[in-house]
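Read off the chains here:
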Amino acid sequence: KIKSKSIYEVAESMNPEYVQDRKFRLMFLRCKRYDPKGAAEHLLGFFDTKQWLFGQEKLCKDITLDDLSEEERRLVRTGASQGLARDAGGRMVCTYFRSMVKNMDTMTECRAKYYTLMALAESEESQIKGIIALLYVVGDYYKDKKGGDGLAELGRVAPSLPIHWAGFHFCCNTMLQYVLIRA
């Protein structure tokens, strides 16, 4: 059961059709392999992250390219994050080339990442079989152009989306990255 006065209740009061849509809810159940409590908790995290990224006014709306700034759309078009193909098990392989976004601020990157990954998450086949992540993080590209450390913010987006991550492959070139990934 979802706690009262939650972000879920805010969303449901804004647009009950969106929140109660069967296909929308099913994405979260599939993501958590049909664990209803896990799906409910994941849904809360999703709405929390979506509100952080896009504001309350877009909480109950599918995010489109029109909702992104020109810089965010430009980042989406670079292909830094994209679905490539399906592996032998039918799972989508999603790539992320961090070096392609080295001159972007963290929020721009997070919003573009949200848009791209949600497009992949909407595929029923990806919901059922999961997605494989291939992360190419070679180089030192973790400082945004404002000088902040964007790792925490970047790490917030993907886990909040209704995606079953079936596997991860990391390509890195420093011992620090290797140690952090293995932790």
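Above this note sits the structure.
On a predicted model such as this, the values are computed, not experimentally measured, just so you know.

Quick word on the pairing of strand S1 (residues 81-86)
The sheet contact formed by S1 and strand S2 (residues 92-97) spans 5 bridges and is antiparallel. For Gln 82, the partnering residue across the bridge sits in S2 and is Thr 95. Remark: 5 residues form the turn of the hairpin made by S1 and S2, two consecutive strands paired antiparallel; Gly 90 in that turn has positive phi of roughly 85°.

A closer look at the sheet that holds S1
Strand order in the open sheet made by the 4 strands is S1-S2-S3-S4, with mixed pairing throughout. Two strands bound the open sheet, and with one partner strand each, they are S1 and strand S4 (165-171). Recorded for the sheet is a direction-independent mean angle of 20° between the axes of neighbouring strands. Pairing between S2 and strand S3 (residues 131-136): 6 bridges, direction parallel. Across the sheet, Tyr 96 pairs through a bridge with Leu 135, a residue of S3.

Concerning the pattern of salt bridges
What the rule picks out here adds up to 10 salt bridges. Between Arg 30 and Glu 124 there is a salt bridge, with the nearest N and O atoms lying 3.6 Å from each other. Of this pair, Arg 30 sits in helix H3 (residues 22-31) while Glu 124 sits in helix H7 (residues 124-129), and the two are 94 residues apart along the sequence. Residue classification places Arg 30 among the buried positions, given a relative accessible area of 10%. Put simply, Arg 73 and Glu 70 hold a salt bridge, and the shortest N to O gap is 2.9 Å. Of the two residues, Arg 73 and Glu 70 are both situated in helix H5 (residues 70-78); the distance of 3 residues between them amounts to about one turn of the helix.

Some details on the nonpolar core
Note that soluble globular proteins tend to have their nonpolar side chains buried in a common cluster. Counting 40 residues, the largest nonpolar core has Phe 24, Phe 46, Phe 47, Tyr 114 and Leu 161 as the members making the most contacts within it. For this core, the elements supplying multiple residues, two or more each, are helix H1 (7-14), helix H2 (16-20), H3, helix H4 (36-54), S2, helix H6 (106-121), S3 and helix H8 (151-160). Sorting elements by how many residues they give to this core places H6 first, with 7 residues. Once residues lying within four places of it in the same chain are set aside, the contact partners of Phe 46 are Phe 24, Phe 28, Tyr 114, Met 118, Ser 160, Leu 161 and Pro 162.

Some points on unusual backbone geometry
Non-glycine residue Arg 33 carries a positive phi angle of around 55°. Residue placement: Arg 33 occurs in the loop between H3 and H4. Among the residues examined, Arg 33 registers a relative accessible area of 35% and is labelled partly exposed. Its identity as a non-glycine residue notwithstanding, Tyr 34 has a phi of 65°, on the positive side. Take Tyr 34: it is sitting in the loop between H3 and H4. Relative accessible area serves as the criterion here: at 51%, Tyr 34 is assigned to the exposed category.

Rules and cut-offs
- Residues numbered from 1 in each chain as written.
- Predicted model: local features only at pLDDT ≥ 70, side-chain atom pairs only at ≥ 80, totals over all residues.
- Heavy atoms only, no water.
- Pairing = 2+ DSSP bridges.
- Helix = DSSP H or I, 4+ residues; strand = E, 2+ residues; numbered from the N terminus.
- Axes fitted to C-alpha atoms, helices over the stretch in contact; angles between N-to-C directions.
- Salt bridge = Lys/Arg side-chain N within 4 Å of Asp/Glu carboxyl O.
- Buried < 20%, exposed > 50% of the residue type's maximum accessible area, 1.4 Å probe, protein only.
- Core = buried A, V, L, I, M, F, W, Y, C linked by side-chain atoms within 4.5 Å.
- Contact = heavy atoms within 4.5 Å.

All quantities given are derived from atomic positions and should not be read as evidence of function.
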